[in-house]
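Residue-level structure breakdown
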Amino acid sequence: MLRAAVVPLLLVPACFSPSGAGGTTSDPTMTMSTPSTTTTTSPITSATSTDTTSPTTTRPELTTTTTSPESTTNVDPATATASSATTSPEPDPLCGNGMMESDEECDDGNDILTDACALCKTAWCGDGFVWDEFEECDGSPGCDAECRREFLWVFVTNDVFPSSLGGLDAADQICQAAAENAARPGQYRAWLSTDLQWAGSRFIHSTRPWRRTDNEPVADNWDDLIDGLLDNPIVFNEFQEALVPPGACGPCPVWTNSDVEGGPQMGDCGMWNGLPLSAVGGDCGAMTDNWTFGCMLNCTNEARLYCFEQPLEP
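Residues numbered from 1 in each chain as written. Predicted model: local features only at pLDDT ≥ 70, side-chain atom pairs only at ≥ 80, totals over all residues. Heavy atoms only, no water.

1. A closer look at a negative patch on the surface
- Taken together, the side chains of Asp220, Asp223, Asp227 and Asp231 present a region of like negative charge at the surface.
- Looking at the element boundaries, Asp231 is found in the loop between α7 (222-225) and β8 (253-255). (Patch = residues over 30% accessible without salt bridge, like charges linked within 9 Å, V, L, I, M, F, W, Y side chains within 5 Å. Areas by Shrake-Rupley, 256 points an atom, 1.4 Å probe, with all protein chains shown as cover. Salt bridge = Lys/Arg side-chain N within 4 Å of Asp/Glu carboxyl O. Lys, Arg positive; Asp, Glu negative; His and termini not counted. Charge placed at Lys NZ, Arg CZ, Asp CG, Glu CD. Helix = DSSP H or I, 4+ residues; strand = E, 2+ residues; numbered from the N terminus.)

2. Quick notes on the side chain of Arg208
- Within the secondary structure, Arg208 sits in the loop between α6 (199-202) and β6 (210-211).
- You can call Arg208 buried: its relative accessible area is 7%.
- Among the polar contacts made by the side chain of Arg208, one reaches the side chain of Glu136 at a distance of 2.7 Å.
- Within the structure, Arg208 has its side chain in polar contact with the backbone oxygen of Arg149 (distance 2.7 Å).
- Residues within four places of Arg208 in sequence aside, it is in contact with Glu136, Arg148, Arg149, Glu150, Asp220, Asn221, Pro311, Leu312 and Glu313. (Buried < 20%, exposed > 50% of the residue type's maximum accessible area, 1.4 Å probe, protein only. Polar contact = N/O pair within 3.5 Å; in protein donor to acceptor, adjacent residues only side chain to side chain. Contact = heavy atoms within 4.5 Å.)

3. Quick look at the environment of Glu150
- Summarising the element assignment, Glu150 is placed in the loop between β2 (121-122) and β3 (152-156).
- Considered as a pair, Glu150 and Arg208 are 58 residues apart in the sequence and their alpha carbons are 6.9 Å apart.

4. Some thoughts on the pattern of salt bridges
- If you walk through the whole model with that rule in mind, you get 5 salt bridges.
- Measuring nitrogen to oxygen at the nearest pair gives 2.8 Å for the salt bridge that ties Asp214 to Arg212. Taken as a pair, Asp214 and Arg212 share a single burial class, namely buried.

5. Examining helix α5 (residues 168-181)
- Here α5 spans 20 Å end to end across 14 residues, near enough to the 20 Å set by a 1.5 Å rise per residue.
- Buried within α5 are the following residues: Leu168, Ala171, Asp172, Cys175, Gln176, Ala178 and Ala179. Relative to the axis of α5, the buried residues are bounded by an arc of 160° and lie together on one face. Turned more than 90 degrees away from the buried face of α5 sit Asp169, Gln173, Glu180 and Asn181, all of them exposed. (Expected span 1.5 Å × (residues − 1). Arc of directions from axis to C-beta.)

6. Some thoughts on the confidence of the model for the protein chain
- In the predicted model, the protein chain carries a mean pLDDT of 78, and 70% of its residues have values of at least 70.
- Long-range and interchain partners of residues 1-73, a stretch whose pLDDT sits below 50, account for 5 contacts in this model, where long-range means more than four residues apart.
- Low pLDDT, under 50, characterises residues 79-85; the predicted model gives this stretch 0 contacts beyond four residues in sequence or across chains. (pLDDT = per-residue confidence, 0-100.)

7. A closer look at the sheet that holds β8
- Taken in spatial order, the 3 strands of this open sheet run β8-β9-β10, and their pairing is antiparallel. Every other strand in the sheet has two partners, leaving β8 and β10 (295-298) as the edge strands with one partner each. On average, adjacent strands in this sheet sit at an angle of 55° to one another, irrespective of strand direction.
- Bridge count between β8 and strand β9 (residues 278-283): 3 bridges; the pairing is antiparallel. (Pairing = 2+ DSSP bridges. Axes fitted to C-alpha atoms, helices over the stretch in contact; angles between N-to-C directions.)

What follows is the structure in structure tokens.
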């Protein structure tokens with residue numbers, strides 16, 4: 001009984017010794033070799049990949065950065081400025097461009113000859129141009145050394161107009177346009193009143209005489225103008241043409257609504273807006289008070305205007 005039990009115990013160590021313990025768990029040398037190979041290969045491969053790609057990626061960027069500033073700094077600002085100045089000379093001075101240049105006394109940027117700067121020279125009495133609102137004349141006959149007229153012009157308009165003039169200001173503009181159309185410088189107003197505003201209050205009471213455009217006298221001054229008798233009838237138009245022979249209330253009707261002193265007479269065709277009423281008028285052929293007063297006119301008809309030049313001062 002005892003021998004049969006011993007035999008199996010002796011066979012157990014004989015089965016494990018030659019195959020399993022020698023290749024896997026019992027040899028310390030083989031155990032060290034396996035992890036060493038795995039650990040060494042992984043970092044070397046990673047380091048080699050990083051060292052190789054890093055400089056290759058960054059070198060083109062460094063090359064581009066270095067080239068860009070070099071091409072920008074090739075332009076010399078001083079040379080470019082000098083070249084531009086050489087090829088683009090300054091334009092010649094031009095009168096009327098609004099800039100003071102060369103020997104110009106002024107340059108107001110326009111070609112108006114009647115303002116304070118004419119042909120780039122400061123306006124002055126004797127320059128041949130009538131300076132608006134400062135001179136009445138300049139170098140023309142009857143013009144004194146201060147560019148004031150020795151006399152003033154008066155004429156009757158060549159054209160006739162309906163009673164719908166549009167008011168006193170519109171009538172003044174008609175006179176101004178007629179004078180300018182005939183090359184007569186100066187400021188002109190119509191001898192015309194409304195029932196609310198009279199010609200005597202609109203006119204400067206000049207101490208100088210008025211003359212017709214044929215140079216014949218009409219009145220020596222304001223006081224002579226309103227005394228009821230003219231020196232000559234106002235039968236000449238702005239073009240120095242006689243319209244009619246002397247007469248009274250007929251051949252040459254003129255809108256006035258004014259007595260001999262320039263006072264209103266309650267006949268202005270509705271403030272000169274063409275109402276079909278009657279109007280007080282005059283006749284350009286008359287020398288007595290009929291030149292301005294005493295002629296009854298129909299507002300549906302047409303008539304002329306008297307235009308008096310106004311002095312800059314009494």
